[in-house]
Every structure is written in C-alpha cells, then in structure tokens.
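Tertiary structure, described
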Amino acid sequence: MKKVFERPKSMFPVPTHYCPGCGHGIVHRLLAEVIDEFGIRERVVGVGPVGCSVFIYNYINCDMYEAAHGRAPAIATGCKRMHPDLIVFTYQGDGDLASIGTAEIIHAANRGENITVLFLNNAIYGMTGGQMAPTTILGQKTTTSPLGRSSKREGYPIRIAEMLATLEGATYIARVSVHNPKAIIAAKRALKKAFKIQIEGLGFSLVEFLSQCPTGWGMSSREATKWVEEKMIPCFPLGEFKVPRSEKPVK
Amino acid sequence: MGEKVLITGNEAIGEAAIKAGCRFFFGYPITPQNKIPEYLSYRLPQVGGCFIQAESEIAAIYMVFGAAGAGARVMTSSSSPGISLKQEGISYIAGAELPCVIVNVMRGGPGLGGILPSQADYFQATKGGGHGGYHMLVLAPSTVQESVDLMTDAFDLADKYRNPVMVLADGYIGQMMEPVEFKERPQKVLPTKNWAIAGAKNRPRNLIRSLYLDPEELEQHNLKLHRKYLEMAKNEVRVETYLTEDAEIIIAAYGTVARIAKTAIKMLRERGIKAGLVRPITVYPFPYETFAKISEKVDNILVVEMSLGQMIEDVKLGVCGKAKVHFYGRTGGMVPTYDEIVTQIEKIVKEEVA
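The shown structure was predicted, so the numbers you read here are calculated from the model rather than taken from an experiment.

**Re the overall build of chain A**
A count of helical and extended segments in chain A gives nine helices and nine strands. Computed over the C-alpha atoms, the radius of gyration of chain A is 17 Å, within 12% of the 18 Å expected from 2.2 N^0.38 for a compact globule of 251 residues. Its C-alpha atoms give chain A principal-axis dimensions of roughly 50 × 50 × 35 Å.

**With respect to the sheet that holds strand S2 (residues 24-27) of chain B**
Residue and element names in this part refer to chain B. Across the sheet, seven strands lie side by side as S3-S2-S4-S5-S7-S6-S13; this open sheet has mixed pairing. Since the sheet does not close on itself, it has two edges, and those belong to strand S3 (50-53) and strand S13 (282-284), each with one partner. Neighbour to neighbour, the strand axes of the sheet diverge by 20° on average, direction disregarded. Inspection of the sheet shows strand S6 (residues 137-139) paired to strand S7 (residues 164-170) by three bridges, in the parallel sense. Each bridged residue has a counterpart across the sheet, and for Leu-137 the counterpart in S7 is Val-165. In this fold helix H3 (residues 57-69) packs onto S2, S3, strand S4 (74-78) and strand S5 (100-106), with an angle of close to 165° to the strand it touches most, S4.

**Points about the domain arrangement of chain B**
Residue and element names in this part refer to chain B. Domain assignment breaks chain B into domain 1 (4-235) and domain 2 (240-353). Just the C-alpha atoms count here: the centres of domain 1 and domain 2 sit 29 Å apart. Between domain 1 and domain 2, the contact holds 27 residues from the first and 22 residues from the second. Breaking the side of domain 1 that touches domain 2 down by element, the ones donating at least two residues are helix H5 (122-126), S6, S7, helix H7 (171-175) and helix H8 (215-235).

**Things to note about the interface of chain A and chain B**
Between chain A and chain B, the contact holds 26 residues from the first and 30 residues from the second. Secondary structure elements with two or more residues in the side of chain A that touches chain B: strand S2 (63-66), helix H2 (72-82) and helix H4 (102-110) of chain A. Ranked by residues supplied to the side of chain A that touches chain B, first place goes to H2(A) with eight residues. Per-class residue counts for the side of chain A that touches chain B are 14 nonpolar, five polar and seven charged.

**Considerations on the confidence of the model for chain B**
Across chain B, the average pLDDT comes to 97, with 100% of residues at or above 70. Reported confidence for the predicted complex is 0.96 by ipTM and 0.97 by pTM.

**Focus: unusual backbone geometry**
Residues and elements named next belong to chain B. Pro-32 follows Thr-31 through a cis peptide bond whose omega is 5°. Mapped onto the secondary structure, Pro-32 falls in the loop between S2 and helix H2 (35-46). Tyr-284 connects to Pro-285 through a cis peptide bond whose omega is -5°. Its location among the elements puts Pro-285 in the loop between S13 and helix H10 (288-294). Positive phi outside glycine occurs at Asn-202, with the angle close to 55°. By the element assignment, Asn-202 lies in the loop between strand S8 (177-181) and strand S9 (207-208). The exposure class of Asn-202 is exposed, given the 6 C-beta atoms found within 10 Å.

Quick notes on the rules
- Residues numbered from 1 in each chain as written.
- Chains lettered and ligands numbered in written order.
- Predicted model: local features only at pLDDT ≥ 70, side-chain atom pairs only at ≥ 80, totals over all residues.
- Helix = DSSP H or I, 4+ residues; strand = E, 2+ residues; numbered from the N terminus.
- Rg over C-alpha atoms; globule rule 2.2 N^0.38 Å.
- Pairing = 2+ DSSP bridges.
- Axes fitted to C-alpha atoms, helices over the stretch in contact; angles between N-to-C directions.
- Contact = placed C-beta atoms within 7 Å.
- Domains from an automatic or database assignment.
- Nonpolar A, V, L, I, M, F, W, Y, C, P; charged D, E, K, R; others polar.
- pLDDT = per-residue confidence, 0-100.
- Buried ≥ 20, exposed ≤ 12 C-beta atoms within 10 Å, placed from the backbone.

Structure representation (structure tokens):
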C-alpha cells in the first residue's frame, strides 16, 4: 500500500493546544514539512515568541529558545552570529513582532541577518484573550477596541511586509494566507523559498501568514476563513514584496 | 612581573574580556562606558570575534541571551539608565540559567540623572533589579588593575554557575588611566556546555527557556536557582580588610570610595585614631560574616558610599545590632573626599568620648 500522508518527522507526535480552526497548527506543519524536505532538522534552531505559539517548542523537534515578548530576532541574531552554519528561524505573532518587537524586527532585517522569520498575523492578541493588535483592521471589535477599531482613536493597521520590504538589508519578504488549501500550497512555496535563501546565505527572509483566529474573533471556523478572504486580504494584500535581485516578485 | 601598560579602565575591561576568551559583545552607546564598545568594535574582529552595536539596550541583552544560549563567551556593558533597560533580559537570562558578563559603569541617577560617577545602582545590582526574584554574582573592583583581574573571574564564575555575573564599576574606574598588567592565568576546568544550542545532531534537542506554567515545576526550578545562590554565598564571598587588626573604628566602602577611605585611614592613624577598612569585593554574595566578626571588636562602623545609603542595609544585616552603624554619602556625581571622611570619623570618636 502506498503511504500518501504522514506526520512530518520534525514534529513531535503530540496533539497541539490550539483552538479548532486556528491557523497556527497549519503553519507549524508547513514549517516541519519544509525542514524535513531540506533534511536540515539537525542544524535547525527555532526561537519561539510570547503569545499563543509560545509552546511551539512542544511541537517542533529541533534545538529551540523560548524568547521574551518581541525579542526573538535579537536572540536569533546572537545565535546565528555564534553558529553561522545553523539554520535559525523565529516564529512570531502580530503582537509580538508588530507591536512590542518592532525595533528588533526592523533592525534584524536592516542588518540583513541571515535568518528566517515566520510572522503569523491574525489581527488580534489570542493568548491574552482577544485584545486589539497593531494589525487589527479598521472597524474590527476586540476586547480593548469594543466599539471597533477607529483610525482616529487607535490608528491604522500596520502593514509589516510592505514596511520591511523598503529596507535594503531584507532579501525576501512575502505575505501569504492559510485560509484555504490553495492558499496553503502557495504559503508553503513561499516558506520553502525563505529557508532556501537562508541556506544559500543570501540574507534576511520573512513570510507573513494571514491566519484565522475563530476564538478571538468570536466566529465559527468557517466564518473565520471567510473573514480572512473578505476582510483581511483587502487590507493585507498577498504577494512577494521583496525578492533576491535576480528574480521578479510574484504578485 | 609582566609588562605594564597605561590604559583607561574601560579599555582595560575590553582587553581583559578578550584575554578571558570573550568573543561576542553586544551593546549600545551610553556615557561613561563608551570606550568599552569602541575598543571591542576593533579588537574583537582581530581575534575572530563578533561585535554588534544593537538598536537598543534591550536588543543588546537579548543578543547576549542568544549567543550565551548557543554556548558563547559573551558580554555587554552599559551605564545606569542602560542597565535599567537590560533588566528584563537579565531576568530571562537568570531564569534560563545562561552564563554571561554584564559591566555596569555607574553614573548618577535617578532617571537620566547625570554622567558622573555614582554608586546608586547597588540595590538594582544586588537585590534583583528585574522581576521574579533572582541574583547575579556582583563583583565590585576598586582599581583598574582589579577590574582587569575580575573580568577573567567573572567569565569563569558565569560558566561555573550558569548565571549572569555583573562587574559593578563606576565612572571613575571606567575613565581613569592607570598602569595595568594583563597577567597570564591558567585556564580553569569548567563544566562543558552540553545544554547549549548547537543543532540537535546525535542527541535529543536542547531547549533554552524560563517558562514553567505548571506551578509545581516552577517552584522546583526556583528552588534549584535558590540552591545555586546558597552555593555562591558559601564559596564565592570576597572581601578585603585593611588595617583592621588593631582598629577601633571601621570604615565600610567598596569600589572607588574604598580607595579614598584608605587615604583617610592613613591620615586618621597619623592623628592617633586607629581606623580600618572592610571592602566588599563581591557585593553579592555580601561578606556578612566579616561584618559579624568585626562588630564584636569595634563599637562604630562608618559606611561611606556615592549614594544616600544602599550598602549600609547589608552592613546592618551583618552587624546585627552589635555595633553602631553610621553613614556618610555624596550623590549625583559628587564624590566623598578623604577630608570629609576624616571629619566624619573624628566626629564619631568625639561623640563616643563625650
């Protein structure tokens, strides 16, 4: 009998703590598949964030750090400078990367640190119970923007991929989504490219994943995937924003 | 005896770190410690090391976290307001049990304060500073030569205990030039860093973290850290006593102030007052025992600090009511002179007679 589906070897055989319909599990799996496909598990190092994915170290079987909120790119820098031969990734949510950790991500990208960043944007603080994130979209209700985010009161959602793409130090910046199978296949392609860039020593790569948070958004899983399609993607367009000089970006 | 070079304290600290095998420095400019990063920015590449001027003190301490977690000999340096910014990371480093060296060239505070020498960060250095209840080993040099000697010890102690070690200097020690000898020292045998991040090849993966959500697990972790601090207190206390054998009155001071106190003691002895000095070299762990013993022989102890009284609390804990503990301090970048110290001691002696 032909085996058509199995757990990636880089994942521990344990159930995750994520809510039904959450995108983190999908992104974890894509990450593990990419690590397996490159055959690099024994030289991969992960740096986990604070937030829902704080426990990523329970799922990905490689050397890992658990970072303070927002500081993962600085820790990854220290590790990569010590071990340039290791493949170092950070995994960060929107509160972690786009709010408390903005200085660290901008300067890691600007230094052209040869690391890969997985940035999960679900427009909300999940772990702490659904507060407004820097990427919360206009009109979106959260526990700290109960009237809906207003540009006058709370400012605008931050477009991290576009912002980082302006930096000369960044090599590869893309935004993808994990709300349907087609999008997931494209997301994996981008993630694989990001790791390939690091393996080839070409510099800083970041993939932003738009992801559903049914619990934080107060929706069913199906409603949440629809919300990504109808509300998030218009605010956060998908595509490649920065590619190595020899390539043309895929929009 | 080896060759002596005339060098500022800050540069000497940089060179001593390199001699101690430090190959990674992450920092951020702040006066009066700038010569440390400036020196290391050209010296580290010469020896195959890595220097990064980070975007902030916070990023710098987490680069230290990353490199220390990967097994590097790594340090950062800063001055008081910058150390405040690093406190979060120091707490994480202590929680994750990572070895590193942090140099604080103290300046006046609170807030932005001033840029002149101070000892006002004693509480921050010795009592935790960051959140959660942890301790660093804290070494307080009083000369440039001692700063150099203590740097090697600092890295060795950090590796021995898997704990952050602070070298607590002040603006005088950082900026003063003195003749210094960089002594060749035999390499200590230290535990191998089999816990460090290096890629999970032919072994289970390593994990560097300070997160323990299960309270029973966190309590066990904290008890383990506590045992380590007790071990440090048992093995690592260092203190200098100066003319204490026949002393009738004791001055307690550390760092730059202890040097000034020595001059004051010579002047007092010329005037017939038998004064002596107790100088903590480790301010954590603190030499409580020395103060307990000395307070059985003398009735008065004068604590002198470049602050309005911080180490005095530890002196009182050591003395435990067996002698009177007096205080004299200057603050904000002002420094106690030997004349002022002599006057203070004479006043105490006079009151005793009266």
